[in-house]
Amino acid sequence: MQKIATVSEMRQIARELRAKGGRIALVPTMGALHAGHAALIQEARKSADAVVVSIFVNPLQFGPSEDVASYPRTPEADLGVCTDAQVDVVFLPTVEEIYPRGYSSYVTEEAYSKPLCGVSRPSHFRGVTTILAKLMNIVRPDCLVMGQKDVQQAAVARKMIADLQFGVDVVLVPTVREADGLACGVRTRGLTASQRQEATVVQQALAKAKEMVDSGVRSTDRLIAEVTHIIGQRRRVRVIYVSIVDSVTMEAMREIVPGKSLLMIAVWVDEVRLVDNLVL
Ligand code: PAF
């Protein structure tokens, strides 16, 4: 496994991989790798000949009230995960390498990024689309492997890639859950045992909504009311949004279309922000 820190070296290695005729999969991450990331890497191995994992805590996607300095960083463990998963190249640039002094160019997607997390984190997706565009320009991958847990991020990425004609496929990997049903995530790992216990209400609410849809309910108002009610029973969990949207455009839906509607939930568990979703 090669460990690369500069853009010029990363470009050179990617060029060599392409020259061998291989397909390149890029797994973009901010490190603190967990079982969800391991599943992305595994899927990347299936979709390509060479797997590049980027590890970069992107300051641009943190809002003014979000502390980039306190984002978990576990570089040694991350390299262990990548070695075990037979990653070919790990790209670990510094902030100065990606955003040198005087940096002033940004990429924005202006439709799918507006609702849901776009409301409470207004500059977040601009940071995500900018870093993804830069990583795609550096690595020139054939596909980008992303997780269903952050499905709005994947939808925004797909739209930006289509609009800007990058010619890169987005491969979406199902959410990996822990034994208690919580979606694996960097923030989930920071929960105390009692916060975890409170957070399981999100999974219970998703399951209840799915059960209602399977028994014929189609009104999104009814489903949202039920989910909001279930979550509201936990004192330490506050709803940021509960919404049912089209799985491609992220637009709110009035009626469920089975297989195409996504139930999207974001909550605070005390001061920890969690997101989850389920295809209904
Ligand atoms: O999901 C993440 O970890 C980040 O938002 C991403 C896609 C790596 C961009 O910084």
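Residues numbered from 1 in each chain as written. Predicted model: local features only at pLDDT ≥ 70, side-chain atom pairs only at ≥ 80, totals over all residues. Heavy atoms only, no water.

Thoughts on the packing of aromatic side chains
Condition: Note on ring pairs: Phe, Tyr and Trp rings are taken, using the six-membered ring of Trp, and paired if centres are within 6.5 Å. Classes follow the plane angle, with under 30 degrees stacked, over 60 edge-to-face and the rest tilted. Only runs of H or I of at least four residues qualify as helices and only runs of E of at least two qualify as strands under DSSP, and these elements are numbered from the N terminus. Buried means the residue's accessible area, taken with a 1.4 Å probe over protein chains only, is under 20% of the maximum for its type, while exposed means over 50%, and partly exposed covers the values in between. Lysine NZ or arginine CZ positioned within 6 Å of the ring centre and within 35 degrees of the ring normal marks a charge as sitting over the ring.
Scanning the model with the defined rule gives 4 aromatic pairs in all. When the ring of phenylalanine 56 is compared with that of tyrosine 99, the centres are 6.1 Å apart and the planes differ by 50°; the resulting orientation is tilted. Note that phenylalanine 56 is positioned in the loop between β3 (50–55) and α3 (75–84) and tyrosine 99 in the loop between α4 (95–98) and α5 (117–120), a separation of 43 residues in sequence. Tyrosine 99 shares its class with phenylalanine 56; the two are buried. Aromatic side chains phenylalanine 62 and tyrosine 71 sit 5.6 Å apart centroid to centroid with 85° between the ring planes, which places their arrangement in the edge-to-face category. The class of phenylalanine 62 is buried, set by a relative accessible area of 11%. Each residue in the set Phe56, Tyr99, Tyr103 and Tyr106 is aromatic and connected to the rest through ring pairs, giving one cluster. Note that arginine 126 overlies the ring of tyrosine 106, its terminal NZ or CZ placed 3.9 Å from the centroid. We note lysine 159 situated over the ring of tyrosine 112; from NZ or CZ to the ring centre the distance is 5.4 Å.

Observations regarding the pattern of salt bridges
If charged atoms from side chains of opposite charge come close, those side chains can pair. The condition is simple: In what follows, salt bridge is the name for a side-chain nitrogen of Lys or Arg lying within 4 Å of a carboxyl oxygen of Asp or Glu.
The final tally for this structure, using the stated rule, is 12 salt bridges. Ionic pairing is found between glutamate 66 and arginine 121, a salt bridge with its closest N-O pair at 2.8 Å. Residue glutamate 66 is located in the loop between β3 and α3, and its partner arginine 121 is located in the loop between α5 and α6 (124–139); the two are separated by 55 residues in the primary sequence. Assessed through its relative accessible area of 24%, glutamate 66 is described here as partly exposed. Across the salt bridge formed by arginine 254 and aspartate 221, the nearest N and O atoms sit 4.0 Å from each other. Of this pair, arginine 254 sits in the loop between β7 (237–246) and β8 (261–269) while aspartate 221 sits in helix α10 (residues 220–232), placing them 33 residues apart in sequence. Residue arginine 254 shares its accessibility class with aspartate 221, and that shared class is exposed. One salt-bridge network, held together by shared partners, links Glu178, Asp180 and Arg196.

Here's the deal with the site of the ligand
As a reminder, the rule being used: In this text, near means that some heavy atom of the residue lies within 4 Å of the molecule or strand in question. In protein, a polar contact means a hydrogen-donor-capable atom and an acceptor-capable atom, both N or O and within 3.5 Å, with residues adjacent in sequence counting only if both atoms are side-chain atoms; elsewhere, any N or O pair within 3.5 Å suffices. The accessible surface values rely on the Shrake-Rupley method and a 1.4 Å probe; as for residues, cover is taken only from the protein chains in view.
The environment of the ligand is made up of Pro28, Thr29, Met30, Asn58, Gln61, Val128, Ile131 and Gln153. Note that an oxygen atom of the ligand is positioned 2.6 Å from one of the side-chain N or O atoms of glutamine 153. Out of a free accessible area of 290 Å², the ligand has 88% covered by protein chains. Breaking the shell around the ligand down by element, the ones donating at least two residues are β2 (24–29) and α6.

Focus on the side chain of glutamine 195
Under the convention used in this document: Contact between two residues is taken to exist if any of their heavy atoms lie within 4.5 Å; hydrogens are not considered.
Relative to the elements of secondary structure, glutamine 195 occurs in helix α9 (residues 193–214). Reaching out from glutamine 195, the side chain makes a polar contact with the backbone nitrogen of threonine 192 at a distance of 2.9 Å. With sequence-adjacent residues up to four places away left out, glutamine 195 is seen in contact with Gly190, Arg236, Val269, Asp270 and Glu271.

Side note on the nonpolar core
As a reminder of what qualifies: What is meant by a nonpolar core is a set of buried Ala, Val, Leu, Ile, Met, Phe, Trp, Tyr and Cys residues, joined one to another through side-chain atoms within 4.5 Å.
Of all hydrophobic cores here, the largest spans 32 residues; its most connected members are Met10, Val52, Phe91 and Leu144. Every element with two or more residues in this core is listed here: α1 (7–19), β2, β3, β4 (89–91), α6, β5 (143–147) and α7 (151–163). Setting aside chain neighbours within four positions, we find leucine 144 in contact with Leu26, Pro28, Leu132, Met136, Ile161, Val168, Asp169, Val170 and Val171. Core analysis: the second largest hydrophobic core is formed by 26 residues, Ala205, Leu223, Ile265 and Val269 among them.

With respect to the sheet that holds β7
The test is simple: DSSP-based pairing: two strands are paired if at least 2 bridges between them are found. Fitted lines through C-alpha atoms give the axes, limited to the stretch in contact for helices. The angle between two N-to-C directions lies from 0 to 180 degrees.
Taken together, the 3 strands give an open sheet; going across it, the order is β7-β8-β9, and neighbouring strands pair in antiparallel fashion. A strand with exactly one partner marks an edge of an open sheet, and here the two such strands are β7 and β9 (272–279). Taken over all neighbouring pairs, the strand axes of this sheet differ in orientation by 15° on average, direction set aside. Across the face of the sheet, α9 comes into contact with β7, β8 and β9 while running at roughly 160° to β8. Set on the sheet, α10 makes contact with β7 and β8; between it and β7 the angle comes to about 160°.

Let's talk about the sheet that holds β4
Taken in spatial order, the 6 strands of this open sheet run β1-β4-β3-β2-β5-β6, and their pairing is parallel. At either end of the open sheet lies a strand with only one pairing partner, and these are β1 (2–4) and β6 (169–173). The average undirected angle you get between the axes of adjacent strands in this sheet is 25°. In terms of strand pairing, β2 meets β5 through 2 bridges, oriented parallel. Counterpart to alanine 25 in the pairing with β5 is cysteine 143. Packing against the sheet, α6 makes contact with β2, β3, β4 and β5, and its axis sits at approximately 145° to β2.

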